[in-house]
Amino acid sequence: MGYVALALRMRSERFTCSVKMVAIRMQFTVYLVLLLNIYNSFVSALYFHIGETEKKCFIEEIPDETMIIGNYRTQLYDKQKEEYLPATQGLGMFVEVKDPDEKVILSRQYGSEGRFIFTSHTPGEHQICLHSNSSKFALFAGGMLRVHLDIQVGEHANNYAEIAAKDKLTELQLRVRQLMEQVDQIQKEQNYQRYREERFRQTSESTNQRVLWWSIVQTLILVAIGFWQMRHLKSFFEAKKLV
Amino acid sequence: MLFWFLLLCVQLMLGWIRASELTFELPDNAKQCFYEDISIGTKCTLEFQVVTGGHYDVDCRLEDPDGTVLYKEMKKQYDSFTFTASRNGTFKFCFSNEFSTFTHKTVYFDFQVGDDPPLFPNENGVTALTQMESACVSIHEALKSVIDYQTHFRLRETQGRSRAEDLNTRVAFWSIGEAFILLVVSISQVLLLRSFFSDKKTTTTRVGS
């Protein structure tokens, strides 16, 4: 009896042990996936050069309720080695995002590598500006910064691996989810298009009105001035006894 | 478990397949260059469009890592160029507004490197897709082209709209300016005429006496 109990206990212990091992391995893989996620965001994207104090702005014309994710990585040029250093301590980038009404919706300083996320609440042209905080660095001395930048808008910003993991979707479900997100984006863009077309029409109608009123007013002014000139000169000449 | 591992592989692959789409302002007499590291054999597409500014044209130049010019066009409004990377290295493309003296240009470009990443690693594998899955894939491709057309339409509409808004402000300023000029000119005409006759009057009196 005792042996059976012992055997059973050992087996149950081994079972819980193996379950724990699987759980730990799962957790490890999840973290690895997340880490690689983060790592991949900073893998070589498009890059360009800016001066230390230069401010570089990008325009994103987006409909409302659209999420934008921006990843950037900065490298400093090392004059001695004549190459770009992989990472620099203390180098920061200031990210400023303005909405179409020139109101600042995001204004933060990040490190040399950063990720900024914002969602638009008004449709229109948003401005994303980047500049470095190099005011306290004397070492730069006219150096150039290499900035790797990647901006993902709307549906492209979605991380399908994460969504699949979170909602536990099968392959087909994930594909359908992706299609739904795409259609959502198209619909938002169409709405925005309608709003823009309305603005365009208002501007054209306003120009039309202005041109119309201006022609009438100009003709009236001309006629009135003509009359005034003739009358004034006539009275002037009569006063001078020339007429 | 395998699913997680395969997801990992997908993540790894994502690094080498990119599409960058940016809109930036190019000041007058300025040149802006972008660089991208591309591996050999990757099919890339560069598409650009000038959104606002002057005659809506910009110079574009694409160079491979050796410095060979793959694409060079002057004063182009919109173009699309597809090429396959002939070697590993940093490819460079530049937009130049150096021919313009005072107009700022807003340029949109879309640089696609490689094909889109597959949603699952199975797509590259041996297993065939079910009918539902292949239908999903074709719908996805069609929707991608719809989004692409929408973007180009939006850019052309922006062009038209900014011109219309420009025209509107110009008409307003011009009307006010012209009204002002009219009044000034007519009053000064009358005053000038009066001054002619006033002088003549004094000379006649002087001659008389």
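Residues numbered from 1 in each chain as written. Chains lettered and ligands numbered in written order. Predicted model: local features only at pLDDT ≥ 70, side-chain atom pairs only at ≥ 80, totals over all residues. Heavy atoms only, no water.

## Thoughts on the pattern of salt bridges
In step 1: Summed over the entire model, instances satisfying the criterion amount to 15 salt bridges over all chains.
In step 2: Ionic pairing is found between Glu165 of chain B and Arg199 of chain A, a salt bridge with its closest N-O pair at 3.1 Å. Taken together, the residues Glu165 of chain B in helix α2 (residues 131-208) and Arg199 of chain A in helix α3 (residues 171-239) connect one chain to another.
In step 3: When its relative accessible area of 30% is taken as the criterion, Glu165 of chain B is described as partly exposed.
In step 4: Residue classification places Arg199 of chain A among the partly exposed residues on the basis of a relative accessible area of 33%.
In step 5: Where salt bridges share partners, they join Glu61, Glu189 and Arg196 of chain A together with Arg154, Glu157 and Arg161 of chain B into one cluster. (Salt bridge = Lys/Arg side-chain N within 4 Å of Asp/Glu carboxyl O. Helix = DSSP H or I, 4+ residues; strand = E, 2+ residues; numbered from the N terminus. Buried < 20%, exposed > 50% of the residue type's maximum accessible area, 1.4 Å probe, protein only.)

## Here we look at unusual backbone geometry
Residue and element names in this part refer to chain B.
In step 1: Phi at Asn29 takes a positive value of approximately 55 degrees, unusual for a residue other than glycine.
In step 2: With respect to the helices and strands, the residue Asn29 is situated in the loop between β1 (18-26) and β2 (31-38).
In step 3: The exposure class assigned to Asn29 is partly exposed, which follows from its relative accessible area of 48%.
In step 4: Located in the positive-phi region is Lys75, a residue other than glycine, with phi close to 50 degrees.
In step 5: Assignment of secondary structure puts Lys75 in strand β5 (residues 69-76).

## Digging into the nonpolar core
In step 1: Within the largest apolar cluster, 48 residues are counted, with the highest numbers of intra-cluster contacts made by Phe34, Phe93, Phe95, Phe109 and Phe111 of chain B.
In step 2: With five residues, strand β9 (residues 144-153) of chain A is the largest single contributor of residues to this core.
In step 3: Look past the residues within four positions of Phe34 of chain B in its chain and what remains in contact with it is Leu46, Tyr47, Phe48 and Phe58 of chain A together with Leu22, Phe24, Phe91, Lys92, Phe93, Phe95 and Phe109 of chain B. (Core = buried A, V, L, I, M, F, W, Y, C linked by side-chain atoms within 4.5 Å. Contact = heavy atoms within 4.5 Å.)

## So, α3 of chain A
In step 1: Over its 69 residues, α3 of chain A runs 100 Å from end to end, which matches the ideal 102 Å to within 8%, given 1.5 Å per residue.
In step 2: One or two residues past the end of α3 of chain A sits Lys241 of chain A, with phi positive at roughly 60 degrees. (Expected span 1.5 Å × (residues − 1).)

## Some details on the packing of helix α2 (residues 160-167) of chain A against α3 of chain A
Residue and element names in this part refer to chain A.
In step 1: Viewed as axis vectors pointing N to C, α2 and α3 meet at an angle of 125 degrees, and their least axial separation amounts to 11 Å. Classified by the angle between their axes, α2 and α3 sit oblique to one another. Here α2 and α3 pass one another in a crossing that is right-handed. Touching Tyr160, Ile163, Ala164 and Asp167 of α2 are Leu174, Arg177, Gln178 and Glu181, all from α3.
In step 2: Its residues assigned to classes, the contact of α2 with α3 comprises four nonpolar, one polar and three charged. (Axes fitted to C-alpha atoms, helices over the stretch in contact; angles between N-to-C directions. Parallel < 35°, antiparallel > 145°, perpendicular 65-115°, else oblique. Left-handed = near helix turned anticlockwise from the far one by under 90°. Nonpolar A, V, L, I, M, F, W, Y, C, P; charged D, E, K, R; others polar.)

## Considering the state of the cysteines
Structurally, a disulfide amounts to a covalent bond that connects the sulfur atoms of two cysteines.
In step 1: Applying the stated rule across the entire model yields two disulfides over all chains.
In step 2: Across the disulfide, Cys57 of chain A is cross-linked to Cys129 of chain A (sulfur-sulfur distance 2.0 Å). Negative torsions about the S-S bond denote left-handed disulfides, and the value of about 105 degrees found for Cys57 of chain A with Cys129 of chain A makes this one right-handed. Residue Cys57 of chain A is found in strand β2 (residues 56-62), and its partner Cys129 of chain A is found in strand β8 (residues 124-132); the two are separated by 72 residues along the sequence.
In step 3: A relative accessible area of 4% means that Cys129 of chain A is categorised as buried.
In step 4: The disulfide bridge from Cys33 of chain B ends at Cys94 of chain B, spanning 2.1 Å between sulfur atoms. Here the disulfide of Cys33 of chain B and Cys94 of chain B is right-handed, its torsion about the S-S bond being about 105 degrees. On the criterion of sequence distance, the pair formed by Cys33 of chain B in strand β2 and Cys94 of chain B in strand β7 (residues 89-96) is long-range, its members being 61 residues apart.
In step 5: You can call Cys94 of chain B buried: its relative accessible area is 5%.
In step 6: Residue Cys44 of chain B stays outside any disulfide, its sulfur separated by 14 Å from that of Cys60 of chain B, the closest cysteine.
In step 7: Classification of Cys44 of chain B as buried rests on a relative accessible area of 0%. (Disulfide = S-S within 2.5 Å.)

## Points about the interface of chain B and chain A
In step 1: The interface of chain B with chain A comprises 68 residues on the first partner and 69 residues on the second.
In step 2: Here chain B packs against chain A, burying approximately 6700 Å² in sum over the two surfaces, 65% of which is carbon and sulfur.
In step 3: Summed over the shared surface of chain B and chain A, the result is five salt bridges.
In step 4: Of all the secondary-structure elements, those providing two or more residues to the side of chain B that touches chain A are α1 (2-14), β1, β2, β7, β8 (105-113) and α2 of chain B.
In step 5: With 36 residues, the single largest contributor to the side of chain B that touches chain A is α2 of chain B.
In step 6: For the side of chain B that touches chain A, the residue count by class is 37 nonpolar, 17 polar and 14 charged. (Buried area = accessible area lost by both parts, 1.4 Å probe.)

## Overview of the UniProt feature "transmembrane region" (unreviewed entry) in chain B
In step 1: According to UniProt, the feature "transmembrane region" (unreviewed entry) maps to residues 171-193 of chain B in the numbering used here.
In step 2: Counting secondary structure, residues 171-193 of chain B comes out at 100% helix and 0% strand; the distance between its end C-alpha atoms is 33 Å. (UniProt positions renumbered as here; feature names shortened; annotations may be inferred.)

## Concerning the packing of aromatic side chains
In step 1: Enumeration over the complete set of coordinates arrives at 21 aromatic pairs over all chains.
In step 2: Aromatic side chains Phe236 of chain A and Phe237 of chain A sit 5.6 Å apart centroid to centroid with 50 degrees between the ring planes, which places their arrangement in the tilted category.
In step 3: Take Phe236 of chain A: its relative accessible area is 10%, and that puts it in the buried class.
In step 4: Summarising the aromatic geometry, the rings of Phe24 of chain B and Phe95 of chain B are spaced 6.0 Å apart at their centres and angled 55 degrees between planes, so their arrangement reads as tilted. Residue Phe24 of chain B is located in strand β1, and its partner Phe95 of chain B is located in strand β7; the two are separated by 71 residues in the primary sequence. Take Phe24 of chain B and Phe95 of chain B: they sit in the same class, and that class is buried.
In step 5: When the ring centre of Tyr192 of chain A is taken as origin, the NZ or CZ atom of Arg196 of chain A, which lies over that ring, is 4.3 Å away. (Phe/Tyr/Trp six-rings, centres within 6.5 Å; stacked < 30°, edge-to-face > 60°. Lys NZ or Arg CZ within 6 Å of the ring centre and 35° of its normal.)

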